[in-house]
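# Structural overview for review
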Amino acid sequence: MKTIAFFNNKGGVGKTTLVYHLAWMFADMGHDVIAADLDPQSNLTSMFLDEDRLEELWPDGKHANTIHGVIEPILRGIGDIQAPHVEVIATQMGLQSGALGLIAGDLALSGFEDKLSDAWPRCHNRDESAFRTMTAFYRAILIAAEQRSAELVLVDVGPNLGAINRAALIASQYVVIPLASDLYSLQGLRNLGPQLRLWREAWGELRGKSPDPDLSLPSGDMCPTGYVVMQHATRGERPVKAYLRWMDRIPDEYRRSVANEPRDASVHVENDPYCLAALKHYRSLMPLAMEARKPMFRLKPADGAIGAHAQAVRDCYTDFHALARQILSAIGA
């Protein structure tokens with residue numbers, strides 16, 4: 001099982017849309033996949049599920065079938081995690097496709113922030129309950145992956161450097177960073193890279209202090225796998241000049257802030273091995289996909305994908321398929 005978090009502490013870059021489409025693409029390629037929505041905003045969950053199902057998952061009272069239901073005993077101080085419910089999104093439809101499941105998000109997850117903030121320093125004191133709190137997401141993912149025989153778990157997190165994201169990142173082996181072609185994403189890299197290193201080093205020290213040898217602990221690798229440049233506009237086959245201004249600065253900033261390597265002036269997005277993909281803006285496809293409740297590359301003529309849209313759907317499939325293969329290669333899957 002490989003666990004990949006998609007993270008940028010700058011919001012609005014298309015991170016959740018990326019996770020949604022890659023989850024479908026990996027399943028199309030034959031992999032059994034779980035998407036874990038660990039962002040309290042729960043946008044990934046609302047992309048997968050219609051309002052009727054969301055209303056069932058988020059009733060008045062307890063939310064037993066969401067990520068909040070998993071951690072509620074810890075939050076209330078009455079026990080350990082509950083086994084997660086995995087919402088079936090797609091079943092295996094033959095030899096060429098895998099299954100897709102979802103650990104549903106919950107707006108109430110934000111209440112776990114304070115509990116996680118309190119647990120982090122108590123791990124230094126070998127407090128068993130603190131370690132159970134810090135590893136709740138990781139252990140829930142392990143149980144879900146075992147239930148569904150999942151090969152890949154894609155983790156969506158919020159755009160911040162808070163305690164929930166720290167626990168989610170610790171639970172992840174790999175980190176993919178979606179970026180927009182703008183100044184804000186460059187600044188986000190400057191914040192994100194050093195913080196990942198601090199969390200990795202701190203958890204490496206803490207995990208040796210766990211008093212329970214039988215408690216499953218994540219390695220906390222959070223290995224930066226690369227970046228994806230999102231939603232740039234193109235003229236012909238090239239990004240327009242306004243986007244190129246910022247795109248050309250991404251490889252250097254990624255090396256300096258995230259990979260902790262010296263700069264290399266000869267590297268650009270087009271030849272940067274850390275660049276997993278530069279995805280163009282599919283503009284007119286996304287409204288159709290939202291209406292049809294399916295990924296853009298699965299749109300059919302009945303969904304409105306006719307004429308130029310039909311070619312855009314084929315291009316979209318090609319782009320996401322190439323990105324999925326690139327990610328699999330990068331993580332050794």
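## A few points about the overall build of the protein chain
A count of helices and strands for the protein chain gives 13 helices and 10 strands. With the principal axes as the frame, the protein chain shows a C-alpha extent of 60 × 50 × 35 Å. Long-range pairs, those at least 24 residues apart, make up 76% of the contacts in the protein chain with a sequence separation of at least 6. Total accessible area on the protein chain stands at roughly 14,600 Å², and carbon and sulfur atoms take up 48% of it. Considering the protein chain, the positive charge centre built from 34 side chains and the negative charge centre built from 40 side chains are found 6 Å apart.

## What about the environment of Met-222?
Position of Met-222 relative to the elements: it lies in the loop between α9 (183–206) and β7 (223–232). A relative accessible area of 0% places Met-222 in the buried class. If near-sequence neighbours (up to four positions away) are discounted, Met-222 is found in contact with Leu-169, Ile-170, Ser-172, Gln-173, Tyr-174, Val-175, Leu-196, Trp-199 and Arg-200.

## A closer look at the pattern of salt bridges
All told, the structure shown has 17 salt bridges when counted by the stated rule. Residues Arg-122 and Asp-118 are paired through a salt bridge, measuring 2.9 Å at the closest nitrogen-oxygen approach. With Arg-122 and Asp-118 both in helix α5 (residues 113–122) and four residues apart, the pair spans about one turn of that helix. Residue classification places Arg-122 among the partly exposed residues on the basis of a relative accessible area of 22%. Within the structure, one salt-bridge network assembled from shared partners comprises Asp-80, Glu-128, Arg-132, Arg-139 and Asp-212.

## Observations regarding the packing of aromatic side chains
Taken as a whole and judged by the stated rule, the model has nine aromatic pairs. In this structure an aromatic cluster arises from ring pairing among Tyr-282, Phe-297, Tyr-317 and Phe-320. Above the face of the Trp-120 ring, Arg-166 is positioned so that its terminal group lies 4.2 Å from the ring centre.

## Here's the deal with the nonpolar core
One finds Met-134, Phe-137, Leu-169, Ile-177 and Tyr-227 to be the most contacted residues of the largest nonpolar core, which totals 62 residues. With residues near it in sequence (within four places) discarded, Leu-169 still touches Ala-5, Phe-7, Val-157, Val-175, Leu-196, Trp-199 and Met-222. Core analysis: the next-biggest nonpolar cluster, separate from the first, contains 49 residues, Leu-44, Leu-279, Phe-320 and Ile-327 among them.

## Side note on the side chain of Lys-15
Along the chain, Lys-15 falls in helix α1 (residues 15–28). In terms of polar contacts, Lys-15 uses its side chain to reach the side chain of Asp-156, at 2.7 Å. Residue contacts for Lys-15: discarding those within four places in its chain leaves Phe-6, Phe-7, Asn-8, Asp-39, Asp-156, Val-157 and Pro-178.

## Structural notes on helix α7 (residues 136–148)
Along its 13 residues, α7 runs 18 Å from first to last C-alpha, staying within 8% of the 18 Å computed at 1.5 Å per residue. Within the span of α7, buried status applies to Ala-136, Phe-137, Tyr-138, Arg-139, Ala-140, Ile-141, Ala-144 and Ala-145. A positive backbone phi angle near 50° is found at Ser-149, which sits one or two residues after α7.

Cut-offs and rules
Residues numbered from 1 in each chain as written. Predicted model: local features only at pLDDT ≥ 70, side-chain atom pairs only at ≥ 80, totals over all residues. Heavy atoms only, no water. Helix = DSSP H or I, 4+ residues; strand = E, 2+ residues; numbered from the N terminus. Contact = heavy atoms within 4.5 Å. Areas by Shrake-Rupley, 256 points an atom, 1.4 Å probe, with all protein chains shown as cover. Lys, Arg positive; Asp, Glu negative; His and termini not counted. Charge placed at Lys NZ, Arg CZ, Asp CG, Glu CD. Buried < 20%, exposed > 50% of the residue type's maximum accessible area, 1.4 Å probe, protein only. Salt bridge = Lys/Arg side-chain N within 4 Å of Asp/Glu carboxyl O. Phe/Tyr/Trp six-rings, centres within 6.5 Å; stacked < 30°, edge-to-face > 60°. Lys NZ or Arg CZ within 6 Å of the ring centre and 35° of its normal. Core = buried A, V, L, I, M, F, W, Y, C linked by side-chain atoms within 4.5 Å. Polar contact = N/O pair within 3.5 Å; in protein donor to acceptor, adjacent residues only side chain to side chain. Expected span 1.5 Å × (residues − 1).

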